[in-house]
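Descriptive analysis of the structure
For reference, the chains in residue letters:
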Amino acid sequence: MNFDLIVLGGGPAGGNAALAAAEAGLSVVLFDEQPTAGGQVWRAPWPGFDAPGGSPERRDGDALRAALAASNVDLRFGRRVWSVGGNFRVDAVGPDGNESAEAPRLIAATGAHERVVPFPGWTLPGVIGLAAATVLLKSHGVVPGSPVVVAGCGPLLAGVAAGIVKAGGTVAAVVDLAGATDWIAAVPRLLSRPATFAQGVGWALKIAGARVPIHFRHAVRRVEGEDGAEAVVIGPVDAGGGNAAGPEIRYAISTLVVGHGLVPGAEIPRLFRADMRFDRRLGGHVPVLDAEGRTSVPGLYATGDGVGIRGAVAATDGGLLAGLAAAHDMKRLDAAAFAERAAPARRRLAGVAGFSDAMAAMMALRPAQASSVPPETVVCRCEDVTRREIEEAADSGATEVNQLKHFTRCGMGPCQGRMCGDVAAELLAQKLGVPREAVGQWTARPPLRPVPLADLLGRFDYSDIPIPKPAPL
Amino acid sequence: MTHVHDLAVVGGGVHGATAALFCARGGMDVALLDRGPLCREASGVNAGTLTMQMTRVALIPYAMKAHAMWASAPQWLGHDVGVVVCDGLSLAFTEQEAEILTFRAGKRREAGAPISIIDGKAAKRIEPGISDEVLIAGHCEVDGYANAYLTGLAYRNALLGAGVSLHENRRVDGVDVGDGGFTLSTPQGPLRARRLLLAGGVWIEPMLAWLGVSLPIKTLVNQLAVTERVAPVMRTVVGIASGLLSLKQYAHGTVVIGGGWQALGDRERGGVELVPERLVGNMRLACHAIPALAGARLARAWAGLEAETRDALPAAGPVPGVPDAYVCGSVHSGYTSGPYIARLLADRILGSEPEMPLFPIDRLLRPEAPEGTDA
Ligand SMILES: Cc1cc2nc3c(=O)[nH]c(=O)nc-3n(C[C@H](O)[C@H](O)[C@H](O)COP(=O)(O)OP(=O)(O)OC[C@H]3O[C@@H](n4cnc5c(N)ncnc54)[C@H](O)[C@@H]3O)c2cc1C
Ligand SMILES: Cc1cc2nc3c(=O)[nH]c(=O)nc-3n(C[C@H](O)[C@H](O)[C@H](O)COP(=O)(O)OP(=O)(O)OC[C@H]3O[C@@H](n4cnc5c(N)ncnc54)[C@H](O)[C@@H]3O)c2cc1C
């Protein structure tokens, strides 16, 4: 099937991109593996709010879902995109096997991946990601197994802790890498989004109401347990996020929820070898973009958390701009109309910039976090590669991440480095004593997500397989 | 004033690295230059199949020697590249394939590969994982595979151990001939040597052009794919009569699926894009051969560049008209045979007669004969 525009991802960024482009007259197809639009943040109610359907996220998500349903965007939910090729062709597996779509323009809005900086015991059952916990809370209203310790950094900490309390769970403690003063320092910028800041205050009060201890400037040292998490030991960190001297504290737990921010899921720009740059603040390697989301590859746009961790508000307007830009570039929107429709989004983006910066700073990986990972700790959990093995690979001559991968299998498993790639690259750069940029980026290849072969195969006869000419004898 | 090496090798794939290793062990002062890390092109991304059943007939005697070399890699290379020696099966599902297989296996047997034709039942005893629809199979006990991504690490250790001056991430941009030697220009400054070996994989064409020699090299862009770890589904190397499938399961459980299906790309840009229909075709063929494979998930696919000369035989020998310059590459199934052919060339560079003939490129430099008349 041919379209004017393919949008990958139906979160705030992709959803709004598709709507803006369709409204301007483009024929648009939208792919997402979720059953409905909304992406991560608008998937369902945010944790910690009483009235079901009453949270701002739910309202925003419902509005997006309704707008998409009313639009003429061809909605392909429940499709896992595994291949994206030139000119652009997208292949996805869904209920009817493999399907594809083609269009001269493509907007990549595939969101972010969670980052967990490893510590001993992080791969034990009972340890779950902070972002993953938001999904559990949204879909099931629970996080399995109380008592829970919630640890890591960034705004999701308080939200998840409050959500667990509200769902009737016991939060034994909240462990925040940031100091209370870091939050206070961020307040002026956070106030540029009063509604969102109020949410944060709401969570904090909720946690306080349940008398949950909050350990600022602390981090998880290790999780203990045989077959699953039984206790977590935390300890103080310095302003850089590295382990500091001071007493350790032990909590008996059933579950540890832990996360250290998000990494932009920029696989599609990388797949097309678009110009990229490393920006620690934005979460890692991000495509070089103009103000409307054009990458260096003609016809390829990227927006949302996949181009830098900026949050849902920035994703919404970034998506809108990219959708308008695609329409403008296809001459369906003249310069004046483009300028007029884009102006409000540009204004809003400028307005939330301070807030986005403050949030991003709290979630960015701090080098000292990586240097605190003990040598025997597994970094790549798919392939069981420890920090020591990563450093030995550097001693054996590995100078960039893809060579590290060949030497150790780090990043070769099902997650393809989505989980460990950022920390592994940081460790390699630190060991070599070079800037992070110097160790390069993991080469992106299909499939974008693992796909069952059975889904790819479809029904076929042996005689239908197109067999090219055999090699000479 | 500047140091003059006995030999400069340009290109650190399996050909250049092996030749450098044996020349250094033979007493030469060798420099090896690669524009990237060692073995990160074809030699580090290939399927690692060490099989006679995909090897060109003319290369079988070399491949047999090379197989023995790989099997004893810990002795001469000193480092493990995960070589497993096992049975290999080449399957035929249709009468037409059975005919091709019987003919091709016969030719390869005449050339020295111990391949026998067995029926479907016998094949199933050797490889319980194969489909019931196999009519006949070529069976060869001289088969197996390596873990190609370990090649760079293994050679790196071996080369340093042998005293080779290793220059990774040092691209060569051109060569000047004169003063009884060669001056290689690189962004990090010139490097001088008395002898020169060009071992640049698909890039031997532009490299030979530095010396004014025009040797057309076709670039094949091969697709490969790997599954997540799965419980054992097979224990042998499995291919099909046409040669367009190669399958094996590594000890850690992943299955590598290849067979030379073509991706998009070229010498300038590399293997830039996989072709989804061809991946699906390759997966269908794989699951047709090993049905239980359909339960696995595809984890990654990639593409690499393989060189082919006009007659699909190697370019391995002296460079005509340029004393002390050599070329080595474009060996079909070159991961299997590369180390042996490069070692033969190392013998020649060291001044002794190789135990089997090389493949001088003079034959390829004649003006192209009309199709079909080329001997
Ligand atoms: C697990 C997780 C939980 C999060 N929870 C929260 C939260 O509770 N609150 C908050 O403020 N922020 C949360 N975030 C951050 C949130 O992602 C952003 O703030 C915001 O949603 C960004 O919008 P987006 O449109 O760029 O990406 P997303 O909302 O992530 O949307 C991307 C969409 O692309 C789809 N997609 C990606 N790859 C493919 C593929 N190959 N095939 C098909 N579909 C694909 C995904 O299914 C997803 O629906 C979370 C992030 C993650 C990773
Ligand atoms: C995907 C794929 C699967 C394959 N599967 C098999 C298989 O299963 N079994 C088998 O036997 N064979 C297989 N082959 C073939 C085999 O991989 C190759 O024949 C062999 O690796 C070629 O080695 P080489 O040293 O000639 O080239 P390469 O490994 O390509 O090495 C050439 C080197 O030259 C360097 N170089 C290029 N230009 C410059 C420059 N200007 N300056 C310095 N350095 C330069 C490159 O960086 C590179 O490292 C496969 C090939 C591919 C691509």
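Residues numbered from 1 in each chain as written. Chains lettered and ligands numbered in written order. Predicted model: local features only at pLDDT ≥ 70, side-chain atom pairs only at ≥ 80, totals over all residues. Heavy atoms only, no water.

Points about the overall build of chain B
A count of helices and strands for chain B gives 11 helices and 18 strands. In terms of overall dimensions, chain B is globule-like: its C-alpha atoms have a radius of gyration of 21 Å, near the 21 Å expected for 375 residues. Along the first, second and third principal axes, the C-alpha set of chain B runs to 70 × 45 × 40 Å. In chain B, which comprises 375 residues, the share counted as buried stands at 63%. (Helix = DSSP H or I, 4+ residues; strand = E, 2+ residues; numbered from the N terminus. Rg over C-alpha atoms; globule rule 2.2 N^0.38 Å. Buried < 20%, exposed > 50% of the residue type's maximum accessible area, 1.4 Å probe, protein only.)

Here we look at the domain arrangement of chain A
Each assigned domain of chain A is listed here: domain 1 (5-113 + 263-361), domain 2 (116-260) and domain 3 (373-439). Averaged C-alpha coordinates put domain 1 of chain A and domain 2 of chain A at centres separated by 29 Å. (Domains from an automatic or database assignment.)

Examining the interface of chain B and chain A
Listed per partner, the contact involves 58 residues of chain B and 47 residues of chain A. For the pair chain B and chain A, the two sides together bury roughly 4500 Å², of which 59% comes from carbon and sulfur. Three residues stand out in chain B for area buried against chain A, namely Tyr149(B), Arg284(B) and Arg300(B), and they jointly supply 16% of the buried area on that side. Where chain B meets chain A, there are 3 salt bridges. Across the salt bridge formed by Glu277(B) and Arg89(A), the nearest N and O atoms sit 3.5 Å from each other. (Contact = heavy atoms within 4.5 Å. Buried area = accessible area lost by both parts, 1.4 Å probe. Salt bridge = Lys/Arg side-chain N within 4 Å of Asp/Glu carboxyl O.)

Thoughts on the sheet that holds strand β3 (residues 74-77) of chain A
All names here are of chain A. Strand order in the open sheet formed by 5 strands is β3-β2-β1-β7-β20, with parallel pairing between adjacent strands. Each edge of the open sheet carries a strand with a single partner, namely β3 and β20 (300-302). Direction aside, neighbouring strands of the sheet carry axes that sit 15 degrees apart on average. Examined bridge by bridge, strand β1 (residues 5-8) and strand β7 (residues 105-108) share 4 bridges and lie parallel to one another. Looking across to β7, one finds that Val7 is bridged to Ile107. The sheet contacts of helix α8 (residues 311-329) involve β1, β7 and β20, and relative to β7 the element is tilted by about 170 degrees. (Pairing = 2+ DSSP bridges. Axes fitted to C-alpha atoms, helices over the stretch in contact; angles between N-to-C directions.)

Comments concerning helix α9 (residues 335-363) of chain A
Maximal helix bending in α9(A) amounts to about 45 degrees, located at Val352(A). Of the residues making up α9(A), those classed as buried are Phe338(A), Ala342(A), Ala345(A), Val352(A), Phe355(A), Ser356(A), Ala358(A), Met359(A), Ala360(A), Met362(A) and Met363(A). (Bend = angle between axes of the 7 residues up to and from the residue.)

Focus: the domain arrangement of chain B
Many authors give the size of an interface as the accessible area that is lost as the parts come together. All names here are of chain B. Taken domain by domain, chain B comprises domain 1 (4-44 + 149-215 + 311-365) and domain 2 (86-142 + 218-308). Between the C-alpha centres of domain 1 and domain 2 the distance comes to 30 Å. Between domain 1 and domain 2, the contact holds 12 residues from the first and 7 residues from the second. Interface area, domain 1 with domain 2, both sides summed: about 840 Å², of which 56% is carbon and sulfur. In terms of surface lost to domain 2, no three residues of domain 1 exceed Val202, Trp203 and Ser330, which account for 50% of the buried area on that side. Our enumeration of links across domain 1 and domain 2 arrives at 1 salt bridge.

Describing the site of ligand 2
All names here are of chain B. Not every one of the 33 residues close to ligand 2 is listed here, only the nearest: His15, Asp34, Ser43, Thr49 and Thr336. Here an oxygen atom of ligand 2 sits 2.7 Å away from a polar atom, N or O, in the side chain of His15. Here a nitrogen atom of ligand 2 and a backbone polar atom of Val172 are 3.0 Å apart. Coverage of ligand 2 by the protein amounts to 94% of the 1000 Å² it exposes when considered alone. Where the shell around ligand 2 is concerned, the elements lending two or more residues are α1 (14-25), α2 (42-45), β10 (218-227), β16 (297-308) and α10 (334-349). (Near = heavy atom within 4 Å. Polar contact = N/O pair within 3.5 Å; in protein donor to acceptor, adjacent residues only side chain to side chain. Areas by Shrake-Rupley, 256 points an atom, 1.4 Å probe, with all protein chains shown as cover.)

A word on the packing of helix α1 (residues 12-23) of chain A against helix α2 (residues 56-70) of chain A
Residue and element names in this part refer to chain A. Two elements in contact, α1 and α2, have axes separated by 10 Å at closest approach and are oriented at 35 degrees. Seen along the crossing, α1 lies across α2 with a hand that is left-handed. Seen from α1, the contacting residues are Pro12, Gly15, Asn16, Ala18 and Leu19; seen from α2, they are Leu64, Ala67 and Leu68. Looking at the contact of α1 with α2, its residues break down into 6 nonpolar, 2 polar and no charged. (Left-handed = near helix turned anticlockwise from the far one by under 90°. Nonpolar A, V, L, I, M, F, W, Y, C, P; charged D, E, K, R; others polar.)

Quick look at the pattern of salt bridges
Residues and elements named next belong to chain A. Going through the model one piece at a time under the given rule, you end up with 44 salt bridges over all chains. Between Asp4 and Arg332 there is a salt bridge, with the nearest N and O atoms lying 3.2 Å from each other. Here Asp4 is found in the segment before β1, whereas its partner Arg332 is found in the loop between α8 and α9, with 328 residues between them in sequence. Here Asp4 falls in the buried class, since its relative accessible area comes to 14%. Via salt bridges that share partners, Arg115, Arg280, Asp422, Glu426 and Arg436 belong to a single interconnected network.

Describing empty space enclosed by the protein
Unfilled space is identified by rolling a water-sized probe across the atoms. Residue and element names in this part refer to chain A. Counted under the stated rule, the structure contains 7 cavities of 30 Å³ or more. For the largest cavity, the calculated volume is near 360 Å³. The wall of the largest cavity is formed by 25 residues, among which Glu267, Arg270, Gln416, Gly417 and Trp442 lie closest to the centre. Looking at the lining of the largest cavity, the elements that each hand over two or more residues are β17 (262-264), α7 (267-271), β19 (284-287) and α13 (421-432). Grouping the constituent residues of the lining of the largest cavity by class yields 8 nonpolar, 9 polar and 8 charged. (1 Å grid on protein atoms, 1.4 Å probe; cavity = no way out; pocket = protein on both sides within 12 Å on 5 of 7 lines; lining within 4 Å. Points joined across faces, edges and corners; volume = space filled by probe spheres on them.)

Thoughts on helix α3 (residues 130-140) of chain A
Residues and elements named next belong to chain A. Those residues of α3 lying buried are Leu130, Ala131, Ala133, Thr134, Leu137 and Lys138. The buried side chains of α3 occupy one side of the element, clustering within an arc of 155 degrees when seen end-on. Elements in contact with the buried residues of α3: β8 (112-114), β9 (127-129), β10 (148-152), α4 (156-166), β16 (255-259) and β17. Downstream of α3 by a residue or two, Gly141 has a phi angle that is positive, lying close to 70 degrees. (Arc of directions from axis to C-beta.)

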